[in-house]
Amino acid sequence: MSSNIIPKEQLSAYQRWELNSLDGSARTTVPLPTAEEVENTHQQAYQEGFAAGYREGKGKVDAELARLMQLMSSLGGALNQFDETLTQNLLSLALDVAKQMLREALRVRPELVLPVIREAVNSLPQASQHPHLKLHPEDAALVRSLMADELNHFHWKLIDDSRVERGGCRVETTNSEIDATIENRWKRILVALGSEGAWLE
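Computed from a prediction, not measured in an experiment: that's the story for all the values here.

**Some remarks on a nonpolar patch on the surface**
(1) Moving on: A surface patch of nonpolar side chains, about 600 Å² in accessible area, is lined by F82, L86, L90, L93, V97 and M101.
(2) Moving on: Note on placement: L90 falls in helix α1 (residues 35-108).

**Things to note about the pattern of salt bridges**
(1) Moving on: One pass over the full model with this rule turns up 12 salt bridges.
(2) Moving on: When the shortest N-O distance is used, the salt bridge between R170 and E177 registers 3.9 Å.
(3) Moving on: Take E177: its relative accessible area is 51%, and that puts it in the exposed class.
(4) Moving on: Counted as one network, the salt bridges with shared partners bring together E138, D139 and R166.

**With respect to the sheet that holds strand β4 (residues 177-180)**
(1) Moving on: Taken in spatial order, the 4 strands line up as β2-β1-β3-β4 in an open sheet, and their pairing is mixed. Two strands bound the open sheet, and with one partner strand each, they are β2 (157-160) and β4. Sheet twist, expressed as the mean angle between neighbouring strand axes with direction ignored, is 20 degrees.
(2) Moving on: Where strand β1 (residues 132-135) and strand β3 (residues 169-172) come together, 4 bridges link them in antiparallel fashion. Residue pairing for β3: H132 is matched across the bridge by E172.
(3) Moving on: Where helix α2 (residues 113-122) meets the sheet, it contacts β1, β3 and β4, and its direction lies at approximately 25 degrees from that of β3.
(4) Moving on: Contacts between helix α3 (residues 137-146) and the sheet are confined to β1 and β2, with β2 contributing the most and set at about 155 degrees to the helix.

**Regarding α1**
(1) Moving on: Here α1 is 74 residues long and its end C-alpha atoms lie 104 Å apart, about the 110 Å a rise of 1.5 Å per residue gives.
(2) Moving on: Among all positions in α1, only L95, K99 and L106 are buried.
(3) Moving on: Residues of α1 that are buried sit in contact with α5 (182-192).

Definitions and limits used
Residues numbered from 1 in each chain as written. Predicted model: local features only at pLDDT ≥ 70, side-chain atom pairs only at ≥ 80, totals over all residues. Heavy atoms only, no water. Patch = residues over 30% accessible without salt bridge, like charges linked within 9 Å, V, L, I, M, F, W, Y side chains within 5 Å. Areas by Shrake-Rupley, 256 points an atom, 1.4 Å probe, with all protein chains shown as cover. Salt bridge = Lys/Arg side-chain N within 4 Å of Asp/Glu carboxyl O. Helix = DSSP H or I, 4+ residues; strand = E, 2+ residues; numbered from the N terminus. Buried < 20%, exposed > 50% of the residue type's maximum accessible area, 1.4 Å probe, protein only. Pairing = 2+ DSSP bridges. Axes fitted to C-alpha atoms, helices over the stretch in contact; angles between N-to-C directions. Contact = heavy atoms within 4.5 Å. Expected span 1.5 Å × (residues − 1).

Shape is all these values report; function is a separate question.
Written out as structure tokens, the structure reads:
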């Protein structure tokens, strides 16, 4: 019967298993850390982790803060735009209401044209003589009945002109012309308010 034991000298480096390290002669010792060293290592790891987390968190917070600031800026711009649009809309509404009220007032009280005529004539140079007043035919009839004495005294000549809307007039002399029509007065109001539009819109 043959033996299954292979002598050591016949084994390759992969087949050999040496137990040198298990005998007492080649023993190495690994020193264990003290409790203080473990605590220091723990504190250092904690501080490094905290610093890394703080840097990462601060970066995220800074990015979020920048995003919020951009949103606030956009919101501020949108609010300014909304405010400007609202102001324009309110002005437009107020002008529409004023226009309707003025039309209604002229319909109910057509004699409101009289102060307009007096103001227009008074704004003429003193040397102007015999002004011609161009009025809507219905206003002209009213002025003839209510201002007959002034017409005669100042030698005003009334001219019926259906192109002049009720409530306004044109005053003409040899050297001057005053446009006191509703359209022109309305345009001056709009210019003063920084708006635009026409009376007949």
